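The chain contents come next:
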Amino acid sequence: MERFWPKTIAHADMDAFYAAVEQLDNPELRGKPILVGSPFGRGVVLTASYEARPFGVGSAMPMAKARRKCPNALIVPPRMERYQEVSQTIMSVFQDFSPDVEPLSLDEAFLDMSGSEQIFGGPQSIGQKLKDAIRQATGGLTASVGLSGTKYVAKVASAYQKPNGLTIVPPDDAMAWLAPLPVSRLWGAGPKNQKRLHDIAMNTIGDVANSTPEFLSEKLGNVGLHFYALSHAQDPRHVSGRGAAKSIGSEHTLSRDVYKKEDIEIHLRSSADQIGRRLKRKNYLAHGVRTKLKTRDFQLLTRQHRLNNPTDIADTLYNVAVGLLKEFDHPGPFRLVGMAAYDLVKQEESPQMDLFGQGTRHRKLETAIDQLAERFGTNVVQRAESLLSRTKQVVPPTLDFLDKDGQDKT
Ligand code: TTP
Ligand code: MG
């Protein structure tokens, strides 16, 4: 009899999602290089069809540059509502497969498939059925799917043979499978951490696995320990499925567009404070922070960052959200500023919580502020900084601080 894995996690990610939807809806676009994005102004490519990718174009590249690199590409303006509709179809397929589905974006999700072998068969069969069901429900779209015993390895696996891939990594083989991959495949290894790893002669995940936690934490701090765990295919996070909040967000639609960093920061500050309060109230910690900006032509731009230690501290959320601003390549102005905390875990489930470090003092202080805010309203307790920025704002009074639900009027 086939032996099943102790835990089976699938990650599914649609191939060239927006572009594939355009090709599905318009047969004339099929088999051709297309770029989805606004053809006007200084917009960026949201995604490129696989026919366009060999020309070196892809998500987030300025449209003008992409057109130079791939002059034959057809430019298709995005239709967000349609992508959302298709996303709902995909998500409902996922829900037919598992009660524990954790969407990460419109086109990807984790599914906890543990114990479902009686219904769907072993990992290979689960993956194939999932792909078939997506193709059928959407009328022909393909997804790439990875299966392994952890979220991390499942995600790396789904990207391994794109497009239309299916990659199975048995948990016992996961460490060896990861070893030859570049360190850029470590979750949370942005350009800075990749460079730090290269500087200590670590180029593959196997190099990290063969190091020691002591050395890595000496060279990289906490994130070094996180990389060490990943390189050993250790990732204790659960698929946060049914009923769990997916993200907590706050955004401000502005009465007048902003483009100055200081103005954006003011809005992020009040969003972060509000999100921190809601996280604490619900006993959640967030693994991720997303910053959102909407352009004048209603393009929604987002950048996100995963934290090594999940947090509910507003100050940390704020600093990460502000740090993300430099990753946007749009000069503004923006008509909406917002942020969200995502990838939420219940406080008690997080093994990495920074109980004894920096966080504790901060949390105590913020909890006290939150309690006051809850009793007397947010107008009573404010950071000196936000008062300052408010006075700076007095002439001319350009910004509308009214939050979506009307609660956080400062
Ligand atoms: P991705 O899954 O990252 O990319 P993709 O589906 O286009 O291509 P693949 O997964 O096969 O590599 O993102 C899903 C959609 O999200 C993408 O089609 C467009 C949108 N998106 C943006 O709007 N901006 C971005 O910077 C990225 C990366 C994606
Ligand atoms: Mg995708």
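Placed above this text is the structure.
Residues numbered from 1 in each chain as written. Chains lettered and ligands numbered in written order. Predicted model: local features only at pLDDT ≥ 70, side-chain atom pairs only at ≥ 80, totals over all residues. Heavy atoms only, no water.

(A) Representation of the packing of helix 3 (residues 80-97) against helix 5 (residues 123-138) in the model. Packing of helix 3 against helix 5 leaves a shortest axis separation of 10 Å and a crossing angle of 145°. Crossing angle aside, the handedness with which helix 3 passes helix 5 is right-handed. In contact with Val86, Thr89, Ile90, Val93, Phe94 and Phe97 of helix 3, helix 5 contributes Ile126, Lys129, Leu130, Ala133, Ile134, Ala137 and Thr138. Its residues assigned to classes, the contact of helix 3 with helix 5 comprises 10 nonpolar, two polar and one charged. (Axes fitted to C-alpha atoms, helices over the stretch in contact; angles between N-to-C directions. Helix = DSSP H or I, 4+ residues; strand = E, 2+ residues; numbered from the N terminus. Left-handed = near helix turned anticlockwise from the far one by under 90°. Contact = heavy atoms within 4.5 Å. Nonpolar A, V, L, I, M, F, W, Y, C, P; charged D, E, K, R; others polar.)

(B) Seen up close, the side chain of arginine 237. The residue arginine 237 is located in the loop between helix 11 (222-231) and strand 9 (247-258) in this model. Of the polar contacts made by the side chain of arginine 237, one reaches the side chain of aspartate 235; its length is 2.9 Å. (Polar contact = N/O pair within 3.5 Å; in protein donor to acceptor, adjacent residues only side chain to side chain.)

(C) Representation of the packing of aromatic side chains. For the structure on display, the rule yields seven aromatic pairs. Of note, arginine 53 hangs over the ring of tyrosine 50, and the distance from its end group to the ring centre comes to 4.1 Å. (Phe/Tyr/Trp six-rings, centres within 6.5 Å; stacked < 30°, edge-to-face > 60°. Lys NZ or Arg CZ within 6 Å of the ring centre and 35° of its normal.)

(D) Geometry of the sheet that holds strand 12 (residues 334-346). Here we have four strands laid out as an open sheet, ordered 9-12-10-11, and antiparallel in their pairing. Looking along the sheet, the strands with just one partner apiece sit at the ends: strand 9 and strand 11 (300-311). Here the strands of the sheet are splayed against their neighbours by 15° on average, with no regard to which way each runs. Where strand 10 (residues 284-295) lies against strand 12, 11 bridges are found, and the strand directions are antiparallel. Looking across to strand 12, one finds that leucine 293 is bridged to valine 337. (Pairing = 2+ DSSP bridges.)

(E) Structural context of helix 1 (residues 17-25). Of all nine residues in helix 1, eight are buried; the element is thus mostly enclosed. Listed as buried for helix 1 are Phe17, Tyr18, Ala19, Ala20, Val21, Glu22, Gln23 and Leu24. Contacts from the buried residues of helix 1 go to strand 1 (9-14), strand 2 (34-36), strand 3 (47-48), strand 4 (74-76), helix 3 and helix 5. (Buried < 20%, exposed > 50% of the residue type's maximum accessible area, 1.4 Å probe, protein only.)

(F) Focus on the site of ligand 1. Around ligand 1 there are 13 residues in total, and Ala16, Phe17, Thr47, Tyr50 and Arg53 lie nearest to it. The contact in question runs from an oxygen atom of ligand 1 to an N or O atom on the side chain of aspartate 13, over 3.1 Å. In the environment of ligand 1, an oxygen atom lies 2.5 Å from a nitrogen or oxygen atom belonging to the side chain of threonine 47. The fraction of the free accessible surface of ligand 1 (550 Å²) that becomes covered by protein chains is 71%. (Near = heavy atom within 4 Å. Areas by Shrake-Rupley, 256 points an atom, 1.4 Å probe, with all protein chains shown as cover.)

(G) Here's a closer look at unusual backbone geometry. Cis geometry is found at the peptide bond from lysine 162 to proline 163, where omega equals -10°. Mapped onto the secondary structure, proline 163 falls in the loop between helix 6 (151-160) and strand 8 (166-168). Look at the link from glycine 332 to proline 333: it is a cis peptide, with omega at 0°. In this structure, proline 333 sits in the loop between helix 13 (314-323) and strand 12. The phi dihedral of asparagine 164 is positive, around 55°, even though this residue is not glycine. Mapped onto the elements, asparagine 164 comes out in the loop between helix 6 and strand 8. With a phi close to 65°, phenylalanine 298 is a non-glycine residue in the positive phi region. Here phenylalanine 298 is to be found in the loop between strand 10 and strand 11. Look at phenylalanine 298 and you get exposed, because its relative accessible area is 54%.

(H) Summary view of the coordination of the magnesium ion (ligand 2). Binding of the magnesium ion (ligand 2) to the protein goes through Asp13 (OD), Met14 (O) and Asp107 (OD), at separations of 2.0 to 2.2 Å. If you look at the magnesium ion (ligand 2), its six donor atoms make angles of 83 to 177° with each other, and the shape they trace is octahedral. Take aspartate 107: its relative accessible area is 13%, and that puts it in the buried class. (Donors = N, O, S within 2.8 Å, 3.2 Å for Na, K, Ca; no water. Tetrahedral: all angles 85-135°; square planar, octahedral: opposite > 155°, others 65-115°.)

(I) Examining the packing of helix 8 (residues 191-199) against helix 10 (residues 213-220) more closely. Remark: helix 8 packs on helix 10, axes separated minimally by 11 Å, with the N-to-C direction vectors making an angle of 125°. Judged on the interaxial angle alone, helix 10 and helix 8 are oblique. Taken as a pair, helix 8 and helix 10 cross one another with a handedness that is right-handed. Listed contacts from helix 10 to Asn193, Arg196 and Leu197 of helix 8 are Leu216, Lys219 and Leu220. When its residues are assigned to classes, the contact of helix 8 with helix 10 shows three nonpolar, one polar and two charged. (Parallel < 35°, antiparallel > 145°, perpendicular 65-115°, else oblique.)

(J) Representation of the sheet that holds strand 5 (residues 101-105) in the model. The mixed open sheet is built from five strands, whose spatial order is 5-6-1-7-8. Whereas interior strands pair on both sides, the edge strands pair on one side only; in this sheet they are strand 5 and strand 8. Taken pair by pair, the neighbouring strands of this sheet meet at an average axis angle of 15°, ignoring direction. Here six bridges tie strand 1 to strand 7 (residues 143-148), and the two strands are oriented antiparallel to one another. Bridge pairing links isoleucine 9 to serine 148 in strand 7. Of the strands in this sheet, strand 1, strand 5, strand 6 (108-112), strand 7 and strand 8 are in contact with helix 6, which crosses strand 7 at around 145°.

(K) Structural view of the pairing of strand 1. Taking burial as the measure, the six residues of strand 1 include six buried ones, the bulk of the element. Here strand 1 shows no split at all, with Ile9, His11 and Asp13 on one side and Ala10, Ala12 and Met14 on the other all buried.

(L) Geometry of the pattern of salt bridges. Taken as a whole and assessed by the stated rule, the structure comprises 16 salt bridges. The residue arginine 237 makes a salt bridge to aspartate 343 at a minimum N-O spacing of 3.5 Å. Taken as a pair, arginine 237 in the loop between helix 11 and strand 9 and aspartate 343 in strand 12 lie far apart in primary sequence, 106 residues in all. Aspartate 343 matches arginine 237 in its accessibility class, with the two residues each being buried. Between arginine 296 and aspartate 257 there is a salt bridge; the shortest N-O distance is 2.7 Å. In this pair, arginine 296 is assigned in the loop between strand 10 and strand 11 and aspartate 257 in strand 9, connecting sequence segments 39 residues apart. You can call arginine 296 exposed: its relative accessible area is 55%. Overall, the relative accessible area of 25% leaves aspartate 257 in the partly exposed class. Residues joined in a network through salt bridges with shared partners are Glu22, Asp25, Arg79, Arg82 and Glu85. (Salt bridge = Lys/Arg side-chain N within 4 Å of Asp/Glu carboxyl O.)

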